[in-house]
Amino acid sequence: CPLKCSWCNNPLDFEDYGSTELTTDEWKKVLDDARQLGALQLGFTGGEPLLREDLEELVDHANNIGFYTNLITSGIGLTEERLLALKAAGLKHIQLSVQASTAELTDALVGARAHALKMEAAQLIKKHGFPMVLNVPVFKQNIHEIDTMIAWAAELNIEYIEFANIQYYNWAFMNRDELMPTLDQ
């Protein structure tokens, strides 16, 4: 993932794992096996699934073998062209992670200039008729924004909002003092 969220457990040495990433054909075999076992729904998640150049091919394969497909994304790398290609491949649903209503807070929380890209992604998702879940991880820095996020989601006609409590393990455990809401919050 291109973000550096202090609650996530993405490895810092991800480059060292590049050679062990499953190939497109290996993933297709995994999807075939899962479908044969009776799995019905498939969430493409990560890290950031949009970093895979073969994502459209994997979505197409999953769709063709009967999966209901969902993209779980930060929105980074989601262009209109890519979104239309995913829709043509059979993608059914998108969950977008948004941390705050302002660029200043979002960008500080994720360690990158991401807010504008997330807002653009949300607009594109709704423009092209996808059902959407807005995922908002909740912690000390953004808990005061819940009402604002609800209003924004309603304005954009987002179908669902998931306010996700941070699970305090890995980086979130190490950063618990930074992230844990106060009792008053």
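Cut-offs applied
- Residues numbered from 1 in each chain as written.
- Predicted model: local features only at pLDDT ≥ 70, side-chain atom pairs only at ≥ 80, totals over all residues.
- Heavy atoms only, no water.
- Helix = DSSP H or I, 4+ residues; strand = E, 2+ residues; numbered from the N terminus.
- Pairing = 2+ DSSP bridges.
- Axes fitted to C-alpha atoms, helices over the stretch in contact; angles between N-to-C directions.
- Buried < 20%, exposed > 50% of the residue type's maximum accessible area, 1.4 Å probe, protein only.
- 1 Å grid on protein atoms, 1.4 Å probe; cavity = no way out; pocket = protein on both sides within 12 Å on 5 of 7 lines; lining within 4 Å.
- Points joined across faces, edges and corners; volume = space filled by probe spheres on them.
- Nonpolar A, V, L, I, M, F, W, Y, C, P; charged D, E, K, R; others polar.
- Parallel < 35°, antiparallel > 145°, perpendicular 65-115°, else oblique.
- Left-handed = near helix turned anticlockwise from the far one by under 90°.
- Contact = heavy atoms within 4.5 Å.
- Core = buried A, V, L, I, M, F, W, Y, C linked by side-chain atoms within 4.5 Å.
- Polar contact = N/O pair within 3.5 Å; in protein donor to acceptor, adjacent residues only side chain to side chain.

1. Description of unusual backbone geometry
Here the amide bond leading from glycine 46 into glycine 47 is cis, since omega sits at 20°, within 30 degrees of zero. Mapped onto the fold, glycine 47 is located in the loop between strand 1 (41–44) and helix 2 (55–64).

2. With respect to the sheet that holds strand 1
Strand pairing in a sheet relies on backbone hydrogen bonds. The paired strands run either parallel or antiparallel. Read from one edge to the other, the open sheet built from five strands follows the order 1-2-3-4-5, with strand pairing classed as parallel. The sheet is open, and its two edges are formed by strand 1 and strand 5 (160–165), each paired on a single side. The average angle at which neighbouring strand axes cross in this sheet is 20°, direction not considered.

3. Notes on the environment of tryptophan 171
Assignment of secondary structure puts tryptophan 171 in helix 7 (residues 170–174). Owing to a relative accessible area of 27%, tryptophan 171 belongs among the partly exposed residues under this scheme. Separated by 165 residues in sequence, tryptophan 171 and serine 6 have C-alpha atoms that sit 5.9 Å apart.

4. Section: the layout of surface pockets
Where empty space is left in the structure can be found by rolling a water-sized probe over the atoms. Here the second largest pocket defines a volume of roughly 710 Å³. Looking at the second largest pocket, it is lined by 27 residues, and the ones nearest its centre are Trp7, Cys8, Thr45, Ser97 and Asn135. At the level of secondary structure, the elements contributing two or more residues to the lining of the second largest pocket comprise strand 2 (68–73), strand 3 (93–97), strand 4 (132–138) and strand 5. In terms of residue class, the lining of the second largest pocket is built from 11 nonpolar, 13 polar and three charged.

5. Some words on the packing of helix 2 against helix 3 (residues 80–89)
At a closest axis distance of 8 Å, the pairing of helix 2 and helix 3 adopts a crossing angle of 20°. When the interaxial angle is binned, helix 2 and helix 3 end up roughly parallel. Seen from above, helix 2 lies across helix 3 with right-handed handedness. Only Arg82, Ala85, Leu86 and Ala89 of helix 3 make contact with helix 2, whose side of the interface consists of Leu55, Glu56, Val59, Asp60 and Asn63. Of the residues contributing to the contact of helix 2 with helix 3, the split by class is five nonpolar, one polar and three charged.

6. Remarks on the nonpolar core
Core analysis: the biggest nonpolar cluster contains 32 residues, and Phe44, Leu71, Leu86, Leu134 and Trp152 have the highest contact counts within it. Residue contacts for leucine 86: discarding those within four places in its chain leaves Leu50, Leu55, Glu56, Val59, Leu71, Leu78 and Leu91. Among the nonpolar cores identified, the runner-up in size contains 13 residues, and Leu109, Ala114, Ala172 and Leu179 belong to it.

7. Examining the side chain of threonine 73
The residue threonine 73 is located in strand 2 in this model. When its relative accessible area of 3% is taken as the criterion, threonine 73 is described as buried. In this structure the side chain of threonine 73 is engaged in a polar contact, spanning 2.8 Å, whose partner is the side chain of glutamate 48. Ignoring any residue separated from it by four or fewer positions in sequence, one finds threonine 73 in contact with Glu48, Leu50, Ile94, Gln95, Leu96 and Ser97.

8. Notes on the packing of helix 1 (residues 24–36) against helix 2
Axis angle and axis distance: for two packed helices, these are the angle between their axes and the distance between the axes, and together they describe the pair. Helix 2 packs onto helix 1 with a crossing angle of 25° between their chain directions and a minimal axis gap of 10 Å. When the axes of helix 1 and helix 2 are compared, the pair comes out roughly parallel. In the crossing of helix 1 with helix 2, the sense of the turn from one axis to the other is right-handed. The residues of helix 2 that touch helix 1, namely those facing Thr24, Trp27, Lys28, Leu31 and Asp32, are Glu57, Leu58, His61 and Ala62.

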